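A structural walkthrough
One letter stands for each residue in the lines below.
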Amino acid sequence: MSHNTPPDSVFGRIVDEIEETFIAIILGAMTLITFVNVVMRYGFNSGLIWGLEMTLILFAWLVLFGVSYAVKKTANLGVDAVLNIVPAGPRRIMTLIAAAVCVLYAILLMKGAWDYWANFANLPQTTGRWFPTGFEEMSRTSYRSWYEMVDTPMPDWLRWIEPLINEGESYEKIPRFLPYFILPFGVALLLFRFIQAALRIVRGEADSLIVSHEAEDDVRDVAHMNKEG
């Protein structure tokens, strides 16, 4: 079942509030932009040119940030048919193996996410085919910070980054390294949450990485209706 119990510490509750607020803000912004675009299109034959692109950016942030939150709350759906027919000992071993595979996968994903984002942030990629063994040497010809999004304009309150990463050159559109930052950030958070989940299983505080029997609670909730009928 899902471990949606409130965190014990004040810090844990603060982190929960921050994550849930961030997710709510993204959902609200997506809804607002889409609604305004529809009204402008059908009511005024106009529209936000950058609306679709910004909605796609926000959706990517929602998915990549939300997946780690789902791991934290043990809210990912899964198939536990095999786990339910084996004794507790083998079930625990199988769950630990699954947790180790998830951690390994997140490490590999972290390398790919960093290497992809680094291209746009004037930062070196990692060396090594599968695991990072160091950082590549960079030259000025390797810089990609001048890559911009297609439609989303550069807001004035972000102009302070131009002398830091773009040699003082102005951006007409948002530079790609800003929206793409969710790749290394989201995957790093996912790796952290998988490690936390694995430690919970090791300590005996959890017995699964997935939420199982998701329909049983609903069946129990409506069981009394059948009896009354």
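Residues numbered from 1 in each chain as written. Predicted model: local features only at pLDDT ≥ 70, side-chain atom pairs only at ≥ 80, totals over all residues. Heavy atoms only, no water.

- As annotated in an unreviewed UniProt entry, the chain carries the name TRAP transporter small permease protein and is attributed to Ponticoccus alexandrii.
- The heading Sequence similarities (unreviewed entry) in the UniProt record of the chain holds the text "Belongs to the TRAP transporter small permease family." (UniProt positions renumbered as here; feature names shortened; annotations may be inferred.)

Regarding the packing of aromatic side chains
- Under the criterion given, the structure shown has 12 aromatic pairs.
- With a centroid separation of 5.6 Å and 65 degrees between ring planes, the pair formed by Phe120 and Tyr147 is classed as edge-to-face. With a gap of 27 residues between them, Phe120 in the loop between helix H3 (88–118) and strand S1 (126–127) and Tyr147 in the loop between strand S2 (134–135) and strand S3 (148–153) connect regions that are remote in the sequence.
- For Tyr147, a relative accessible area of 29% gives the class partly exposed. (Phe/Tyr/Trp six-rings, centres within 6.5 Å; stacked < 30°, edge-to-face > 60°. Helix = DSSP H or I, 4+ residues; strand = E, 2+ residues; numbered from the N terminus. Buried < 20%, exposed > 50% of the residue type's maximum accessible area, 1.4 Å probe, protein only.)

Details of the side chain of Thr126
- Mapped onto the elements of the fold, Thr126 is located in strand S1.
- Relative accessible area serves as the criterion here: at 10%, Thr126 is assigned to the buried category.
- Within the local environment of Thr126, its side chain forms a polar contact with the side chain of Lys111, the two groups lying 2.6 Å apart. (Polar contact = N/O pair within 3.5 Å; in protein donor to acceptor, adjacent residues only side chain to side chain.)

Some points on the packing of helix H1 (residues 10–44) against helix H2 (residues 51–72)
- Packing of H1 against H2 leaves a shortest axis separation of 10 Å and a crossing angle of 155 degrees. The angle between H1 and H2 falls in the class roughly antiparallel. The two elements H1 and H2 meet at a crossing, and its hand is left-handed.
- Each residue belonging to the contact of H1 with H2 can be placed in one class, and the counts come to 16 nonpolar, four polar and four charged. (Axes fitted to C-alpha atoms, helices over the stretch in contact; angles between N-to-C directions. Parallel < 35°, antiparallel > 145°, perpendicular 65-115°, else oblique. Left-handed = near helix turned anticlockwise from the far one by under 90°. Nonpolar A, V, L, I, M, F, W, Y, C, P; charged D, E, K, R; others polar.)

Some thoughts on the packing of H2 against helix H5 (residues 182–202)
- Closest axis-to-axis distance for the H2/H5 pair is 8 Å, and the angle between their directions is 10 degrees. Overall, the two elements H2 and H5 adopt an arrangement that is roughly parallel. When H2 is examined against H5, the residues Trp61, Leu64, Phe65, Val67, Ser68, Val71 and Lys72 are found in contact with a partner set consisting of Ile182, Leu183, Phe185, Gly186, Leu189, Leu190, Arg193, Phe194, Ala197 and Arg200. (Contact = heavy atoms within 4.5 Å.)

A closer look at H5
- An ideal rise of 1.5 Å per residue puts 30 Å on 21 residues; H5 measures up with 30 Å between its terminal C-alpha atoms.
- A positive phi of about 80 degrees marks Gly204, the residue just after H5. (Expected span 1.5 Å × (residues − 1).)

Focus: the UniProt feature "transmembrane region" (unreviewed entry) in the chain
- Mapped onto the present numbering, the UniProt feature "transmembrane region" (unreviewed entry) falls at residues 21–42, 48–71, 92–114 and 177–195.
- Taken end to end, residues 48–71 is 88% helix and 0% strand, and its two terminal C-alpha atoms sit 35 Å from one another.

Quick word on the nonpolar core
- Grouped together as the largest cluster of nonpolar side chains are 25 residues, with contacts concentrated most on Ile26, Leu58, Met154 and Phe177.
- Breaking this core down by element, the ones donating at least two residues are H1, H2 and H5. (Core = buried A, V, L, I, M, F, W, Y, C linked by side-chain atoms within 4.5 Å.)

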